Amino acid sequence: APSKLWGGRFSGATDPLMEKFNESIHFDRRMFKADIVGSQAYVKALCKQSILTSDEAATLHQGLDQVRQEWEQDRFEIKSGDEDIHTANERRLGELVGAVAGKLHTGRSRNDQVATDMRLWLRDAARELVTFTRDLVRVTMERAAAEVDIIMPGYTHLQRAQPIRWSHFLLSYAWVWQQDTERLEQLIERFNLLPLGSGALAGNPFCVDRELLASELGFRGVIQNSLVAVSDRDFVSEFLFWASLTMVHVSRFAEDLIIYSSSEFGYVTLADAYSTGSSLMPQKKNPDSLELLRGKAGRVFGQMSGFLMTVKGLPSTYNKDLQEDKEPMFDAYDTLHGSLQILTRVIATLTVYPERTKASLSPDMLATDLAEYLVRKGVPFRETHHISGAAVRMAEERKTTLADLTLTDLQSLHPAFAADVAAVFNYERSIDNRASIGGTSRQAVLAQIDSLKQWLGAE
Ligand code: ARG
């Protein structure tokens, strides 16, 4: 197979089935731009070492531009034998500029090349995802700001716990997505290092200026060991973990809204644009967008665990198993790319029903406030907890609510109860009592909105 880049030592042909099994062009073509840009930087570095004359360098640079345009204009013709994006681009470059193309790969290996391409590709992809998570934070925060005063039950164990603001609930996710954004930005910083100039594994014999390569390609530094440069895929693992964790958050929020949109709750309905109907039951309006978001979380976790299994037993350094790194990375990116945008739109277009959320509050949710009332009268909290619990039991036995117990009833449980206890049975008051930083009071919620606004503005 003399046409192959590596064909020199071979006399036998590749089994066509093996050819198909081995190729990665059908997915790694997505990195065409990174591959071209990486090669153009390498041309510059080779020229600096006088491996290329400046004329040759200019020819190669322009030729690579042409190859890039063919990809961009969807004119690039993949030929049989184009094993991957690296061989395809080099083959095409040779057709366009002739024998000088054969100098491009001097001292380079597809091992340092592919590691470089992937980091470049993921850097762009991750920066784009950062804009989506930021949009998600902004839209969620704006919704919270517009609906600050809607109140609802807060839950633990999915049991009604204490009254909270709807905005406080929304902001809890805005904060989580703010963390996801920062986490991804930090991840980009960590992996934004240059592998190129490491050769197949042992380093570059032509002393290419790796600092130059790094600055040409926008890397913040150079990977300091050639063996790790060609074999390290921790950036893929970290990205897959980031994607998985972000989908955990997306999925939990989706689950909350799925519950809240059921008729039994009736707190929200999704816009028609993000719901679908049933082919059989005419009345149905199903939250398919949310269910898909929840379902796709599983898909991303699968990519992460699959990839970790791919790398866990590999001997140093490059092994072809690593070709299995790209599809999980692309798939996680594609999934997040869709999910984050859909979720942002679902949140922006949802309808919330403040009467329903408020009507779902019940006086028992103020049992803690009743205990706190006695605390303010000087009774130790542990005692007040029991007293309030006894009040809940009394109300239950009398088939009434906590709010309907008389002052005499309450005083039979503790003498510190006075007429001002009536003020306890007010949901807004309960909410606005929780005024420490991070609480659900109006003022504390407005402070959260302020700091998220600052964060969004500062970035
Ligand atoms: N297509 C290969 C990959 O994705 C490129 C590197 C091939 N290197 C090698 N020594 N066979 O990993």
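Please read all numbers here as calculations on a predicted model, not as lab measurements.

Section: the pairing of strand β1 (residues 151-156)
So, point 1. Examined bridge by bridge, β1 and strand β2 (residues 159-165) share 6 bridges and lie antiparallel to one another. For Gly154, the partnering residue across the bridge sits in β2 and is Gln162.
So, point 2. Following β1, the chain reverses through 2 residues before pairing antiparallel with β2; His157 in that reversal takes a positive phi of roughly 55°.

Re the domain arrangement of the protein chain
So, point 1. When the domains of the protein chain are assigned, the result is domain 1 (7-106), domain 2 (111-359) and domain 3 (363-425).
So, point 2. For domain 1 and domain 3, the distance between their C-alpha centres works out to 78 Å.

Looking at unusual backbone geometry
So, point 1. Backbone torsion omega between Ser316 and Thr317 reads -5°, so that peptide bond is classified as cis.
So, point 2. Looking at the element boundaries, Thr317 is found in the loop between α11 (288-312) and α12 (326-349).
So, point 3. Although it is not a glycine, Asp74 sits at a positive phi angle of roughly 60°.
So, point 4. Mapping Asp74 onto the fold places it in the loop between α4 (54-72) and α5 (85-97).
So, point 5. With phi around 55°, Cys207 is a residue other than glycine that occupies positive phi space.
So, point 6. Tracing the chain through its elements places Cys207 in the loop between β3 (193-194) and α8 (210-217).
So, point 7. Judged by the 13 C-beta atoms lying within 10 Å of it, Cys207 is partly exposed.

Conventions adopted
- Residues numbered from 1 in each chain as written.
- Predicted model: local features only at pLDDT ≥ 70, side-chain atom pairs only at ≥ 80, totals over all residues.
- Pairing = 2+ DSSP bridges.
- Helix = DSSP H or I, 4+ residues; strand = E, 2+ residues; numbered from the N terminus.
- Domains from an automatic or database assignment.
- Buried ≥ 20, exposed ≤ 12 C-beta atoms within 10 Å, placed from the backbone.

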